[in-house]
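# Geometric and topological summary
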Amino acid sequence: MKIGLIAPFEGVHRSLGYEVLGAVRLAVQQQNAAGGVAGYGIELAALNDDGVPATAARQVAALAADPGVVAIIGPWQMETAQAAAPALQAAGLAAIIPAPLPDADLALAPNAYRLFAGDDALAQALLTAIPTGARLETRGAAVAWSSRLTILLPTPDPAATTVIVLTGDAEDVARQLTISPCVGTMTSCLAGPSAGEPLVTARTGDAANGLLWVTSLTRPACDGQAADFCQAYQTATGAAPGAYAALAYDAAAVLFAAIEASAQPQRVDVLATLGSIVRQGVSGIIRFSAQRSWEAAPARLYRGGDLLEFP
């Protein structure tokens, strides 16, 4: 049987795509070496979405047309995940989406399970880093987490500092940083999970030093509980695993557990079983809520590449 992977393997987001591809391939190889799942070997069908929303939707349809595919991992960006959600509903395929798919889009895609924090959790995390009375200036179109942040923010003080909120995809964030670098105080600029994509650092360098951003991604503890994963990934790919690799590896492991627990390893059975899986992964404990979202998903704040701790 097959599992599908939709990620950007070409274009400006290709480094993200190949990081997750290496992790899912590793998970498949290890599972097959251990005897497969439910008596079946696992094959990976990986399709490129270029980081383009319309392409992501088409790739869902392409995987759905292959009867051997029982579940999908991806897409990996908010915009591509939003575009793919309606196609996932039509396909009848279980999907783990390791991206900040907004709550409203998740509700419309009953086949999808979000391996990421929701709108409110992302906004609440950012709120802890905003000075009392600060005013928000949004640069870019409002998105679910930024709209929630505006609602949660206390009444601003006209004389207080202004905090810049960068929305949009990784290219948009990088473009804004190039125009107006965030090199001031820690809270001068805020952004969502897209700021954590490799493209942003590659394009902006020191211009992003003052940027504070929120994500559910977690670098694997290679000197601790994730040591075996890190060593295996390094051996397989020649590179150290990043946070995207860790989440991809966990997503594959959760799918394998759902297939193993299914009455029959078919699409409808895997979908019925996925919501009940509980697993300790390299990114943390994975359990899905009734809303099909990662229960107790982390919402962590970073500045540059450094994890921040706020009360």
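Okay, so let's go over this structure. Here the structure is a predicted model, which is why all the values come from computation and not from measurement. (Residues numbered from 1 in each chain as written. Predicted model: local features only at pLDDT ≥ 70, side-chain atom pairs only at ≥ 80, totals over all residues. Heavy atoms only, no water.)

## Notes on the overall build of the chain
In plain terms, the rule: Each helix is a run of DSSP H or I of at least 4 residues and each strand a run of E of at least 2, with the numbering of both proceeding from the N terminus. What the globule rule says is 2.2 Å times the number of residues to the power 0.38, and the radius of gyration is computed from C-alpha atoms. For the exposure calls, accessible area comes from a 1.4 Å probe over protein chains only, and a residue counts as buried if that area is under 20% of its type's maximum, exposed if over 50%, partly exposed in between. Here, two residues are considered to be in contact whenever any of their heavy atoms come within 4.5 Å of each other. Only the protein chains shown count as covering a residue, and every accessible area follows the Shrake-Rupley method with a 1.4 Å probe. Residues counted as positive are Lys and Arg, residues counted as negative are Asp and Glu, and His and the chain ends are not counted. Just so you know, the charge point we use is NZ for Lys, CZ for Arg, CG for Asp and CD for Glu.
Secondary structure assignment for the chain yields 11 helices and 13 strands. Against the compact-globule benchmark of 19 Å for 311 residues, the chain has a radius of gyration of 19 Å, which places it among compact chains. If you line up the chain on its principal axes, its C-alpha atoms span 65 × 40 × 35 Å. Here the chain holds 311 residues, and the buried ones make up 54% of them. When contacts within the chain are restricted to residue pairs at least 6 apart in sequence, those whose partners lie at least 24 apart make up 66%. Of the roughly 12600 Å² of accessible surface on the chain, 53% is carried by carbon and sulfur atoms. For the chain, the separation between the mean place of its 17 positive charges and that of its 26 negative charges on side chains is 1 Å.

## Thoughts on the state of the cysteines
For the record, the criterion: Sulfur atoms of two cysteines make up a disulfide when they are within 2.5 Å.
Counted according to the given criterion, the structure contains one disulfide. The disulfide bridge from C222 ends at C230, spanning 2.0 Å between sulfur atoms. Of note, the bridge from C222 to C230 carries an S-S torsion of about -75° and is left-handed in sense. Owing to a relative accessible area of 6%, C230 belongs among the buried residues under this scheme.

## Focus on the sheet that holds strand β4 (residues 94-97)
For clarity, the threshold we go by: A strand pair is defined by DSSP finding two or more bridges across the two strands. Only the contacting stretch of a helix is used when fitting its axis, a line to C-alpha atoms as for every element, and angles between N-to-C directions run 0 to 180 degrees.
If you trace the five strands from one edge of the open sheet to the other, you get β2-β1-β3-β4-β5, paired in parallel fashion. Sheet topology places β2 (43-48) and β5 (112-114) at the edges, where each strand pairs with a single neighbour. Shown here is a sheet whose adjacent strand axes are inclined to one another by a mean of 20°, direction ignored. The pairing of strand β1 (residues 2-7) with strand β3 (residues 69-73) spans four bridges and is parallel.

## Observations concerning the environment of I73
Looking at the secondary structure, you find I73 in strand β3. When its relative accessible area of 0% is taken as the criterion, I73 is described as buried. Sequence-wise, I73 and L177 are 104 residues apart; in three dimensions their C-alpha atoms are separated by 31 Å.

## With respect to the packing of helix α5 (residues 119-127) against helix α6 (residues 144-152)
The packing of two helices is summarised by the inter-axis angle and the distance between the axes. Condition: Under this scheme an angle from 65 to 115 degrees is roughly perpendicular, one under 35 degrees roughly parallel, and one over 145 degrees roughly antiparallel; angles in between are oblique. Throughout, a crossing is termed right-handed when the near helix is turned clockwise from the far one, and left-handed when it is turned anticlockwise from it by less than a right angle. Polarity classes work like this: nonpolar for Ala, Val, Leu, Ile, Met, Phe, Trp, Tyr, Cys and Pro, charged for Asp, Glu, Lys and Arg, and polar for all others, with Gly in that last group.
Contact pair α5 / α6: the axes reach a minimum separation of 8 Å and the direction vectors enclose 55°. Viewed along their axes, α5 and α6 adopt a mutual orientation that is oblique. Here α5 and α6 pass one another in a crossing that is right-handed. For the pair α5 and α6, the contacting residues are D119, D120, L122, A123, Q124, L126 and L127 in the first and A144, W145, R148, L149 and L152 in the second. Its residues assigned to classes, the contact of α5 with α6 shows eight nonpolar, one polar and three charged.

## Points about the pattern of salt bridges
The test is simple: Salt bridges, as used here, are contacts in which a Lys or Arg side-chain nitrogen is within 4 Å of a carboxyl oxygen on Asp or Glu.
In total, this model carries seven salt bridges according to the counting rule given. Residue R148 is joined to D120 by a salt bridge in which the shortest nitrogen-to-oxygen separation is 2.6 Å. Placement of R148 in helix α6 and of D120 in helix α5 is noted, with a sequence separation of 28 residues between them. On the accessibility criterion, D120 (31% relative accessible area) is partly exposed.

## Some words on the nonpolar core
Quick note on the threshold: Buried residues of nine kinds, namely Ala, Val, Leu, Ile, Met, Phe, Trp, Tyr and Cys, make up a nonpolar core once their side-chain atoms join them within 4.5 Å.
Within the largest apolar cluster, 73 residues are counted, with the highest numbers of intra-cluster contacts made by I3, I73, W76, F229 and L274. Ranked by the residues each element gives to this core, the list is headed by helix α10 (residues 243-261), at 14 residues. Excluding residues within four positions of it along the chain, I73 makes contact with I3, G4, L5, I6, V24, I96, P98, A251, A252 and L255. Counting residues in hydrophobic clusters, the runner-up holds 19 residues, among them A45, L63, V69 and A85.

## Quick look at the pairing of strand β10 (residues 278-281)
Every other side chain in a regular strand lies on the same face of the sheet, so the side chains alternate between the two faces. In terms of strand pairing, β10 meets strand β11 (residues 284-287) through four bridges, oriented antiparallel. Paired with V278 across the two strands is R287, which belongs to β11. Linking β10 to β11, which pair antiparallel, is a turn of two residues.

## Digging into the pairing of strand β9 (residues 211-215)
Put simply, the rule reads: With the strands pointing away from the viewer, any crossover whose connection runs clockwise from the first strand over the helix to the second is right-handed.
Most of β9 is tucked away: five of the five residues are buried. Burial of the side chains of β9 extends over both faces: L211, W213 and T215 are buried on one face and L212 and V214 on the other. One ladder, built from three bridges, connects strand β8 (residues 189-191) with β9; its direction is parallel. Paired with A191 across the strands is W213, a residue of β9. Once the chain exits β8 it traverses helix α8 (residues 198-204) before rejoining the sheet at β9, and the crossover so formed is right-handed. With four bridges connecting them, β9 and strand β12 (residues 300-303) associate as antiparallel partners. Of the residues in β12, the one forming a bridge with L212 is R303.

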